[in-house]
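# Fold and contact review
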Amino acid sequence: MKLNPYFADLDESYFFSEMRARTDAYAAMHPDEHLYRMGIGDVTQPLCPAVIQGLMRGVRDQSTMETFHGYLFECGTDFLRSAIAEHYATRGVTLFPEEIFITSGAGDEIGALGDLFSSDNTVLVTEPAYPAYVDTSIMGGRRIVHLPSGKADGFLPMPVPDLKADLIFLCSPNNPTGAAYTKAQLKEWVDYANTQEAVILFDAAYEAFITDSDVPHSIFEIDGAERCAIEICSLSKTAGFTGTRCGYTIVPNALIRNGQSLRALWVRSRTTKTNGISYILQRGAEAVFTPAGQAQTKASIAVYQENARIWMDALDRAGLWYTGGRNAPYIWVACPNGRSSWAMFDLLLTKAQIIVTPGVGFGACSEGFFRISMFSEPSEASAAAERFLSLMQTL
Ligand code: PLP
């Protein structure tokens, strides 16, 4: 028996434990001080009433002989796949329900989709990156090429023709930078992938935060993407499902590699490795796509967007460089006066009691930046922004 040897290539995941250790040590020494937690990428607003009604309908259906459901089709129910297809149609994207796979969230899919690809493929990861892209690629034994980004390109790296890759992770709007590709920029990526016969794994977990009209919500708004992309999406941030768990992955019929339909292979994988998502959850998820669900989830997102507006105003007044906030619940800020990410973390914790995420947790080209999450309660976000600005004015 041999274990997967690639686990040995993973970096120690000390980062979040270090953040916790520094925060706990400070809190223990200052028990009377309130901490403003602006580091956590988790929602705070509850599920909306329409979703609760959908979930309750699911529960009620399971209670009578006539409406009870046992095992469902592993790839998702017709009602939810159709609801998502209709939602995409409102954006001008035509999908067949069979191209939509109902999942337990984007995180599970980022790892699971590796099933479709040989371990000797090369993976392109734009940096800084959501850590799962790197770690799942390492666990799968795949070689990674890192494409750096920075202030000069606004943390929106573009394809480099000589850089060869088989799989490409793109996340827009991005975690951690909050930067979002325009249609024209994504078209360049799609053309690059089609030329190379690569496959883009497009993480659209934050699409619900987009406000700019030239930023696409789905990669399938781009011509040619149906021939090179898989979209991973989630209701976690769209509708507050981080603890409820439901998402969807789109594998288009037109996506063919080596003469094989990736959609057909994915059906084969899912019908072997899962028994699908619970009926009750799928009824809750269906409600997100009703007019009431759309209005109510948008109202929750507006709360986070207002936090972002307040923080962007504070950052503008402090004269700091940042990306994000406009189309994402994250703001990625350059540390003032050449400070390191951890020095900035310590400064904000000890002088303003604000907890942010040091950039260095997100890999290459993240040093010297920090991430502020907009998911906190509005009163916390605005009080923290005020404290932040006061501290910056003393530097
Ligand atoms: N992708 C990105 C970029 C994320 O930031 C997250 C969660 O924070 C996920 C995927 C995982 O989302 P889910 O809750 O759907 O598993």
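Located above this text is the structure these notes cover.
Attention in this report is confined to the structure presented alongside it.

### Some remarks on the site of the ligand
- Around the ligand, 14 residues are found, and the nearest of them are A106, D203, Y206, S234 and S236.
- Y206 is positioned with one of its side-chain polar atoms (N or O) 2.6 Å from an oxygen atom of the ligand.
- Within the side chain of S234, an N or O atom sits 2.6 Å from an oxygen atom of the ligand.
- Considered on its own, the ligand offers 400 Å² of accessible surface; in the complex 90% of this is hidden by protein.
- When contributions to the shell around the ligand are tallied by element, the ones reaching two or more residues are α4 (106–112) and α7 (235–238).
- The element contributing the most residues to the shell around the ligand is α4, with three residues.
- A breakdown of the residues in the shell around the ligand according to their chemical character gives six nonpolar, five polar and three charged.

### Structural notes on the environment of G92
- Relative to the helices and strands, G92 is located in the loop between α3 (78–89) and β2 (100–103).
- With relative accessibility at 65%, the residue G92 sits in the exposed group.
- Measuring from C-alpha to C-alpha, the distance between G92 and F220 comes to 9.2 Å, with 128 residues separating the pair along the chain.

### Quick word on the side chain of E99
- Within the element layout of this structure, E99 appears in the loop between α3 and β2.
- With no salt bridge to any partner, buried E99 finds its closest opposite charge in R263, at an N-O distance of 6.3 Å.
- Within the structure, E99 has its side chain in polar contact with the backbone nitrogen of N253 (distance 2.7 Å).
- Those residues in contact with E99, other than ones at most four positions away along the chain, are T94, T249, I250, V251, P252, N253 and R263.

### Structural notes on α3
- Between its terminal C-alpha atoms α3 stretches 16 Å, which fits the 16 Å expected from twelve residues at 1.5 Å a residue.
- Restricting attention to buried positions, one finds in α3 the residues F79, L80, R81, A83, I84, A85, H87 and Y88.
- Elements in contact with the buried residues of α3: β2, β7 (229–234), β8 (247–250), α9 (279–288) and α10 (291–318).

### Considerations on unusual backbone geometry
- Cis geometry is found at the peptide bond from S172 to P173, where omega equals -10°.
- Relative to the assigned elements, P173 resides in the loop between β5 (167–171) and α6 (183–196).
- For the bond running from N175 to P176, omega is 20°, close enough to zero to count as cis.
- Within the secondary structure, P176 is located in the loop between β5 and α6.
- Positive phi values are uncommon outside glycine, yet R245 reaches one of about 75°.
- On the secondary structure map, R245 appears in the loop between α7 and β8.
- Owing to a relative accessible area of 29%, R245 belongs among the partly exposed residues under this scheme.

### Points about the sheet that holds strand β11 (residues 322–324)
- Strand order across the open sheet formed by four strands is β11-β12-β15-β14, with antiparallel pairing between neighbours. For this open sheet the edge positions go to β11 and β14 (357–358), each flanked by a neighbour on one side alone.
- Relative to strand β15 (residues 369–373), β14 runs antiparallel, the two being bridged by two bridges. Note that in β15 the partner of T357 across the bridge is R371.

### Details of the sheet that holds β2
- Reading across the sheet, the seven strands line up as β2-β8-β7-β6-β5-β3-β4 and stay open at both edges, with mixed pairing between neighbours. Both edges of this open sheet fall to β2 and β4 (143–147), since each of them pairs with a single strand only. The mean inter-strand angle of the sheet, taken between neighbouring strand axes irrespective of direction, is 20°.
- Relative to β8, β2 runs antiparallel, the two being bridged by four bridges. Its bridge partner being in β8, F101 is matched across the sheet by T249.

### As for the packing of aromatic side chains
- Tallied over the full model, the rule gives 24 aromatic pairs.
- Ring geometry for Y133 and F169: centres 4.5 Å apart, planes at 10°, overall stacked. On the criterion of sequence distance, the pair formed by Y133 in helix α5 (residues 131–139) and F169 in strand β5 is long-range, its members being 36 residues apart.
- Residue classification places F169 among the buried residues on the basis of a relative accessible area of 4%.
- Each member of the aromatic cluster is reached from another via a ring pair, and the members are F155, W321, W332, F362 and F369.
- Taking the ring centre of W342 as reference, the NZ or CZ of R22 above it sits at 4.2 Å.
- Here R283 stacks its cationic end above the ring of F79, 3.6 Å away from the centre of that ring.

About the criteria used
- Residues numbered from 1 in each chain as written.
- Predicted model: local features only at pLDDT ≥ 70, side-chain atom pairs only at ≥ 80, totals over all residues.
- Heavy atoms only, no water.
- Near = heavy atom within 4 Å.
- Polar contact = N/O pair within 3.5 Å; in protein donor to acceptor, adjacent residues only side chain to side chain.
- Areas by Shrake-Rupley, 256 points an atom, 1.4 Å probe, with all protein chains shown as cover.
- Helix = DSSP H or I, 4+ residues; strand = E, 2+ residues; numbered from the N terminus.
- Nonpolar A, V, L, I, M, F, W, Y, C, P; charged D, E, K, R; others polar.
- Buried < 20%, exposed > 50% of the residue type's maximum accessible area, 1.4 Å probe, protein only.
- Lys, Arg positive; Asp, Glu negative; His and termini not counted.
- Salt bridge = Lys/Arg side-chain N within 4 Å of Asp/Glu carboxyl O.
- Contact = heavy atoms within 4.5 Å.
- Expected span 1.5 Å × (residues − 1).
- Pairing = 2+ DSSP bridges.
- Axes fitted to C-alpha atoms, helices over the stretch in contact; angles between N-to-C directions.
- Phe/Tyr/Trp six-rings, centres within 6.5 Å; stacked < 30°, edge-to-face > 60°.
- Lys NZ or Arg CZ within 6 Å of the ring centre and 35° of its normal.

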